[in-house]
Amino acid sequence: MKKDLTYNEAFEKLQKILSELESGKIALDKLAANVKEAYTMIAICENKMRSIEAAVKTAIGSGPAPPPNA
Amino acid sequence: MEQTIRLSALADRIKETLEERFERETFWVSARIMNVKKYIANRRCYLTLEEYENGTKLAEIRAVFWSGAYEEIEKFENAVGQSFRDGTEIICLVRVRFHILYGLNLDVLQIDVAHTLGTLELERQQTLNRLLRENPDSIKRIDGVYRTANQGLPLPLLIQRIALITAPHSDGLRDFQQEIINNRHQYHFEITEFLTTIQGENAHNLILEQLQQIALSASSFDVVAIVRGGGSLADFRPFNQYELAQRVAHFPLPIFTGIGHDRNQSITDMMAREQKTPTKVASLFIDHNFEFENRLIDLRLRLENSISRQLDRARESLESARRLVKLASPKAILDRGFAIITLNNKIIIDPQEINNKDEIKTLLKDQIIHSTITKKTIDEKRFDL
């Protein structure tokens, strides 16, 4: 499915589907497809939120090596 | 040749003269401190007191804090929030001393901390006024609080890509990382470290350089965090520099500061989103993402509710349709006592189609009545059924 969506787009899409769903605008025959898409959007956001471990990138810093300070 | 005198004898005479003149007197002197050398272990500090006018040195005398007066330095550092260092203008109480080995010295007895505080506050106010004056679009003062363009930048839904400016091997770096890595929600973060000295004369320029680096790849980051551990004396002078504060106020990414001083707020803090400590900055990021997760959970609940409501509604309308269809069926109508009349197997709706002597069939609930028409009349009260 749309795995290349950013979580921002996914979150917006989710809100849109939900507001349509809540206002009863979605026809019954489209319900299943919309619900499936909504769950995909949730999954995209959840995947973005967590990953196996936090990444710490290498230091890029410049300048003289200072004394360890507080 | 005139009579010679031994150096020590001369020194003695100078000493006696000076003592006679100065021994019982002390002076409040305003001067700039230079060549400060602190010996913390034996609580002594050697320095020179100097006076300048338009960049020219007018006077210089060596001075010393003996262990009895050393606590004056500590009081100064605690109250002023910066270290007792070269270049600071102070007012101090001194006594003139002459030592036959070491020459002229001023013993410092006391520092006028209030004076230095006043000077710093004045400088600080001047910097703030200049920030307002020179950046009217991006720095405003509303109800006594400074509001900057940087503070107005929206935060992304999730804060994950952090550009971290801090000192290498520092407590601030360690505290920040600990909090992020051990976050109990196991949120994902990417920290890119921009390491530099964060204290001292040139610190503000070094921090500016790091901000410049970050600005070059601004789209790779969600936020900037500038952190420094608390605990020991925190010199916040770099963070009161106009150039740094101004850059922060305009910076294209939201900046969070945790530069660890409880009592004092630096000007840079006022231009950014201030959090006091590195740990607090990190936990704010975690809380921010937690809030997003809560919104997501809320949406998921609403989704589930909405689906079940939708299905309930569909079931209900199906049920009422079925009832309607059932009521409208001919069988149901006959069951309720109505009849259907046919002539030549055609249902008669218009009585004009029936004439005398016609043989008609009347369909009732479960029987058919065969009859022959003998008479037709108009029903005057046909609506009184």
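Conventions and cut-offs
Residues numbered from 1 in each chain as written. Chains lettered and ligands numbered in written order. Predicted model: local features only at pLDDT ≥ 70, side-chain atom pairs only at ≥ 80, totals over all residues. Helix = DSSP H or I, 4+ residues; strand = E, 2+ residues; numbered from the N terminus. Buried ≥ 20, exposed ≤ 12 C-beta atoms within 10 Å, placed from the backbone. Contact = placed C-beta atoms within 7 Å. Pairing = 2+ DSSP bridges. Axes fitted to C-alpha atoms, helices over the stretch in contact; angles between N-to-C directions. Expected span 1.5 Å × (residues − 1). Arc of directions from axis to C-beta. pLDDT = per-residue confidence, 0-100. Core = buried A, V, L, I, M, F, W, Y, C linked by C-beta atoms within 7 Å. Domains from an automatic or database assignment.

Trainee: Looking at this model, I keep getting lost on the overall build of chain A. Mind explaining?
Mentor: Helix and strand content of chain A: two helices and one strand. Ordered by position from the N terminus, the helices and strands of chain A form the series α-α-β.

Trainee: Sorry if this is basic, but what is going on with the overall build of chain B here?
Mentor: Summing up its helical and strand segments, chain B has ten helices and 16 strands in all. Each principal axis of the C-alpha atoms in chain B carries an extent, and together these give about 180 × 40 × 40 Å. Burial status across chain B gives 28% buried among its 385 residues. The contacts in chain B between residues at least 6 apart in sequence include a share of 61% that link residues at least 24 apart.

Trainee: Would you take a moment to explain the pairing of strand E1 (residues 27-39) of chain B for this structure?
Mentor: Residues in a regular strand point their side chains to alternate faces of the sheet. Residue and element names in this part refer to chain B. Pairing of E1 with strand E4 (residues 89-99) involves six bridges; the strand directions are antiparallel. Each bridged residue has a counterpart across the sheet, and for Trp28 the counterpart in E4 is Leu93. Sheet analysis places E1 next to strand E2 (residues 44-53), joined by six bridges and oriented antiparallel. Paired with Ile33 across the two strands is Leu49, which belongs to E2. The hairpin turn running from E1 into E2, its antiparallel successor, is four residues long, and Arg43 in that turn takes a positive phi close to 50°.

Trainee: Before we go on, may I ask you to explain the environment of Phe22 of chain B in this structure?
Mentor: For Phe22 of chain B, the location among the structural elements is in helix H1 (residues 7-22). Separated by 75 residues in the primary sequence, Phe22 of chain B and Arg97 of chain B place their C-alpha atoms 8.1 Å from one another.

Trainee: What is the right way to read unusual backbone geometry from this model?
Mentor: Trans is the prevailing form of peptide bonds, just as negative phi is the prevailing case for residues other than glycine. Residue and element names in this part refer to chain B. Not every positive phi belongs to a glycine, and Asp143 is a case in point at roughly 50°. Topologically, Asp143 is positioned in the loop between strand E6 (139-142) and strand E7 (145-148). Looking at Asp143, the number of C-beta atoms within 10 Å reads 5, which means it is exposed. Phi angles above zero are rare outside glycine, and Asn345 is one such case at about 65°.

Trainee: Honestly, the sheet that holds strand E13 (residues 340-343) of chain B in this entry has me stumped. Any pointers?
Mentor: By way of backbone hydrogen bonds, the strands of a sheet pair with one another, either parallel or antiparallel. Residue and element names in this part refer to chain B. Taken in spatial order, the four strands make up an open sheet running E14-E13-E15-E16, and their pairing is antiparallel. Each edge of the open sheet carries a strand with a single partner, namely strand E14 (346-347) and strand E16 (368-372). Sheet topology places E13 next to E14; two bridges connect them, and they run antiparallel. For Thr342, the partnering residue across the bridge sits in E14 and is Ile347.

Trainee: What should I look at first to understand the sheet that holds E1 of chain B in this one?
Mentor: Residues and elements named next belong to chain B. An order of E1-E2-E3-E5-E4 is seen for the five strands of this closed barrel, with the pairing classed as mixed. Strand-to-strand twist in this sheet, taken as the mean axis angle between neighbours without regard to direction, amounts to 55°. Direction of pairing for E2 relative to strand E3 (residues 56-65): antiparallel, over a ladder of nine bridges. Looking at E3, one finds that Tyr52 is bridged to Lys57.

Trainee: Where do I start with helix H2 (residues 28-49) of chain A in this structure?
Mentor: A turn of α-helix holds 3.6 residues, and therefore any two residues three or four places apart point the same way. With 22 residues, H2 of chain A extends 32 Å from end C-alpha to end C-alpha; this agrees with the ideal 32 Å at 1.5 Å per step. If you check which residues of H2 of chain A are buried, you get Asn34, Ala38, Met41, Ile44, Cys45, Lys48 and Met49 of chain A. On an axial view of H2 of chain A, the arc spanned by its buried residues comes to 135°, and they lie on one face. Away from its buried face by more than 90 degrees, H2 of chain A exposes Ala32, Ala33 and Lys36 of chain A. Buried residues along H2 of chain A sit in contact with helix H1 (7-22) of chain A together with helix H9 (278-328) of chain B.

Trainee: I keep staring at the environment of Lys376 of chain B and nothing clicks. Help me out?
Mentor: All names here are of chain B. As for its placement among the helices and strands, Lys376 is situated in the segment after E16. For the pair Lys376 and Pro351, spaced 25 residues apart in the sequence, the C-alpha separation amounts to 9.0 Å. The contact partners of Lys376, leaving out residues within four places of it in the chain, are Pro351 and Ile354.

Trainee: Would you mind going over the confidence of the model for chain A with me for this structure?
Mentor: Do not read the predicted coordinates in detail wherever pLDDT is low. All names here are of chain A. The predicted model of chain A has a mean per-residue pLDDT of 74, with 66% of residues at 70 or higher. Element-level pLDDT for chain A is lowest in strand E1 (residues 55-56), with a mean of 49, against a maximum mean of 91 in H1. Scored below 50 in pLDDT, residues 52-70 makes 46 contacts in the model with residues more than four places away or belonging to other chains.

Trainee: What am I meant to see in the environment of Ile207 of chain B here?
Mentor: Residue and element names in this part refer to chain B. Looking at where Ile207 falls in the secondary structure, it is placed in helix H6 (residues 203-216). A count of 26 C-beta atoms within 10 Å places Ile207 in the buried class. Sequence spacing of Ile207 and Leu195 is twelve residues, and the spatial spacing of their C-alpha atoms is 8.8 Å. Ignoring sequence-local partners within four residues, the contact set of Ile207 consists of Ile165, Thr196, Ile198, Ile226, Pro238 and Leu244.

Trainee: Is there a simple way to think about the nonpolar core in this case?
Mentor: Nonpolar side chains tend toward joint burial in soluble globular proteins. Ranked by size, the top nonpolar core spans 61 residues in total, and within it Ile162, Leu164, Val224 and Ala225 of chain B carry the most contacts. The biggest single contributor to this core is H1 of chain A, with seven residues. Among all residues touching Ala225 of chain B, those that are not within four sequence positions of it are Ile162, Leu164, Phe176, Phe256, Gly258 and Val281 of chain B. Grouped together as the second largest cluster of nonpolar side chains are 17 residues, Cys45, Phe65, Val80 and Phe84 of chain B included.

Trainee: In this structure, what is going on with the domain arrangement of chain B? I would like to understand it.
Mentor: Accessible area lost upon the coming together of the parts serves often as the stated size of an interface. When the domains of chain B are assigned, the result is domain 1 (7-110), domain 2 (120-290) and domain 3 (332-384). Here the C-alpha centre of domain 2 of chain B lies 38 Å away from the C-alpha centre of domain 1 of chain B.

Trainee: So what exactly am I meant to see when it comes to the pairing of strand E5 (residues 103-111) of chain B here?
Mentor: Residues and elements named next belong to chain B. With two bridges joining them, E3 and E5 adopt parallel strand pairing. Among the inter-strand pairings, Val64 is bridged to a residue of E5, identified as Asp107. In this sheet, E5 lies alongside E4 in antiparallel orientation, the contact comprising eight bridges. From the neighbouring strand, Arg97 faces E5, where its bridge partner is Asn105. Where E4 folds back onto E5 in an antiparallel hairpin, the turn is made up of three residues.

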